[in-house]
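Working through the structure, step by step
Listed below are the residues making up each chain.
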Amino acid sequence: MSSASNGNEFSSSTPRPDARPWLLKSTPRPAGGRRQDMRVTMTSVAAGTGRPNEDFTGAVPTAAVLIDGAGIPGAESICRHGVAWYASRLGGSLLGLLSLVRDAGLPALLAEAIERVTDEHRGTCDVGNPISPSATVAMLRLSDGLVEYLVLGDSVLVLDRASGAPLVVSDPREVIISQSYRTALEAVAEGSDEYRRILRELRANRNQPGGFWLAKDDPRAADEAITGSCPISELNGAVLLSNGASRIVDRFRLTDWPGVLAVLASDGPAEVVQRVRQAEARHAVAADDATIAHCTDLGGA
């Protein structure tokens, strides 16, 4: 399945001082060959002080990965490791596979990573339970003059095209299904038994035909990811965002995607997160983990 939206479509507190960007620099162009690397600037900020960051992002010279972990209250009794553990293990496994396995497609690599992480805690946790940890995924890889991409769940990937509007790649299925539960959730106290019951009902739509798909315990979910590719020569760069960071466009409408790319180019990912945190405070919206991986200086571009 493949899908992409144009630059005008929407998909569904201040950063802490210890939140720092990471930078993976390009290596020199090999003599007589095309460079196959990129520059990646990353920022990841937890929703609040004292809470684990359930996002993960990382990069190797030819690829970048962003994971947004998902869980609900009570999941601790199902999985003793937790959502942050799942997100970091899945992201780390993907980065290893992207470094070592060059001839497999992105869905195959994601399926393998899901299987590996599930095997790590299958013996200690109820991995098949609907509320066990899961995650959305965004991946990007440079390969033979192409940028290949994959999105599973409500993370967002934006391709900064040299000509024309940005290409926004998103998976709307979870957002669409969640809308039918929003009124019921808003009518009850957050954290109450009824709130948790409604969340469980919503989560029961995960990885089901007619529902939405996330990385969890079933590697077949990878086949439902949105995938595609674009010649590197047509791009200035790309950006991967968790849904806590994409709020700058799809929830608060502070700017559009060309505007986000302009902020990234001038001030970097931390400024985007700063603006999201300010909007959350103004609108009394609970903060979410916010993570961005900005990829530029693409090899061969």
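Quick notes on the rules
Residues numbered from 1 in each chain as written. Predicted model: local features only at pLDDT ≥ 70, side-chain atom pairs only at ≥ 80, totals over all residues. Heavy atoms only, no water. Helix = DSSP H or I, 4+ residues; strand = E, 2+ residues; numbered from the N terminus. Areas by Shrake-Rupley, 256 points an atom, 1.4 Å probe, with all protein chains shown as cover. Pairing = 2+ DSSP bridges. Axes fitted to C-alpha atoms, helices over the stretch in contact; angles between N-to-C directions. Parallel < 35°, antiparallel > 145°, perpendicular 65-115°, else oblique. Left-handed = near helix turned anticlockwise from the far one by under 90°. Contact = heavy atoms within 4.5 Å. Nonpolar A, V, L, I, M, F, W, Y, C, P; charged D, E, K, R; others polar. Buried < 20%, exposed > 50% of the residue type's maximum accessible area, 1.4 Å probe, protein only. Expected span 1.5 Å × (residues − 1). Bend = angle between axes of the 7 residues up to and from the residue. Arc of directions from axis to C-beta.

For the rest of this paragraph, the subject is the overall build of the protein chain. Of regular secondary structure, the protein chain possesses 7 helices and 11 strands. Summed over all atoms, the accessible surface of the protein chain reaches about 13000 Å², with 48% contributed by carbon and sulfur.

What follows deals with the sheet that holds strand E9 (residues 226-231). One open sheet holds the 5 strands; their spatial order is E3-E4-E5-E6-E9, and the pairing between them is antiparallel. Lying at the two open borders of the sheet, with one neighbouring strand each, are strand E3 (55-60) and E9. Across the sheet, the mean angle from the axis of one strand to that of its neighbour is 10°, orientation sign disregarded. Judged from the 6 bridges that link them, E3 and strand E4 (residues 63-70) form a sheet pairing that is antiparallel.

Where helix H3 (residues 173-186) contacts helix H4 (residues 193-203), the two axes come as close as 10 Å, and the packing angle between them is 160°. In this view, H3 runs roughly antiparallel relative to H4, as classed from their interaxial angle. At the point where H3 passes H4, the crossing takes the right-handed sense. Residues Glu-174, Ile-177, Ser-178, Tyr-181, Ala-184 and Leu-185 of H3 pack against Tyr-195, Ile-198, Leu-199, Glu-201, Leu-202 and Arg-203 of H4. Looking at side-chain class alone, the contact of H3 with H4 contains 8 nonpolar, 1 polar and 3 charged residues.

Attention shifts here to the pairing of E4. Here E4 lies mainly inside the structure; 8 of its 8 residues are buried. Both faces of E4 are covered, namely the face carrying Ala-63, Val-65, Ile-67 and Gly-69 and the face carrying Ala-64, Leu-66, Asp-68 and Ala-70. Turn length for the E3-E4 hairpin, with the two strands adjacent in sequence and antiparallel, is 2 residues. Inspection of the sheet shows E4 paired to strand E5 (residues 134-143) by 8 bridges, in the antiparallel sense. Considered in E5, the bridge of Ala-70 is made with Ser-134.

A word on the pairing of strand E10 (residues 235-241). As a general feature of sheets, a regular strand has side chains that alternate between the two faces. Buried residues dominate E10, accounting for 6 of its 7 residues. Bridging between strand E7 (residues 156-161) and E10 involves 6 bridges; their strand directions are antiparallel. When the sheet's bridge partners are listed, Leu-157 is paired in E10 with Leu-240. In this structure, E10 lies alongside strand E11 (residues 290-296), joined through 5 bridges in antiparallel fashion. Paired with Gly-237 across the bridge in E11 is Thr-296.

Let us now look at H3. With 14 residues, H3 should cover 20 Å at 1.5 Å per step; its first-to-last C-alpha distance of 20 Å lies within 8% of that length. At Ser-180, H3 shows its maximal kink, close to 45°. Every buried residue of H3 is accounted for by Arg-173, Glu-174, Val-175, Ile-177, Ser-178, Tyr-181 and Leu-185. Packing partners of the buried residues in H3 comprise H4.

Further remarks concern helix H7 (residues 269-283). Here H7 contains 15 residues, and its C-alpha end-to-end distance of 22 Å stays within 8% of the 21 Å for a straight helix at 1.5 Å per residue. Those residues of H7 that sit buried are Pro-269, Val-272, Val-273, Val-276, Arg-277, Ala-279 and Glu-280. Around the axis of H7, the buried residues are gathered within 160° of arc, so they sit on the same side. Counted as exposed and oriented over 90 degrees from the buried face of H7: Ala-281 and Arg-282. Its buried side turned inward, H7 meets strand E2 (39-45), helix H5 (247-250), helix H6 (257-267) and E11.

The relative placement of two packed helices comes down to the angle between their axes together with the axis-to-axis distance. Packing of helix H1 (residues 83-100) against helix H2 (residues 106-121) brings their axes to within 9 Å, and their N-to-C directions diverge by 135°. When the interaxial angle is binned, H1 and H2 end up oblique. For the crossing formed where H1 meets H2, the hand is right-handed. Residue-level inspection shows Trp-85, Tyr-86, Arg-89, Leu-90, Ser-93, Leu-94, Leu-97 and Leu-98 of H1 in contact with H2, the latter providing Leu-106, Leu-109, Leu-110, Glu-112, Ala-113, Ile-114, Arg-116, Val-117, Glu-120 and His-121. Residue composition of the contact of H1 with H2, by class: 12 nonpolar, 2 polar and 4 charged.

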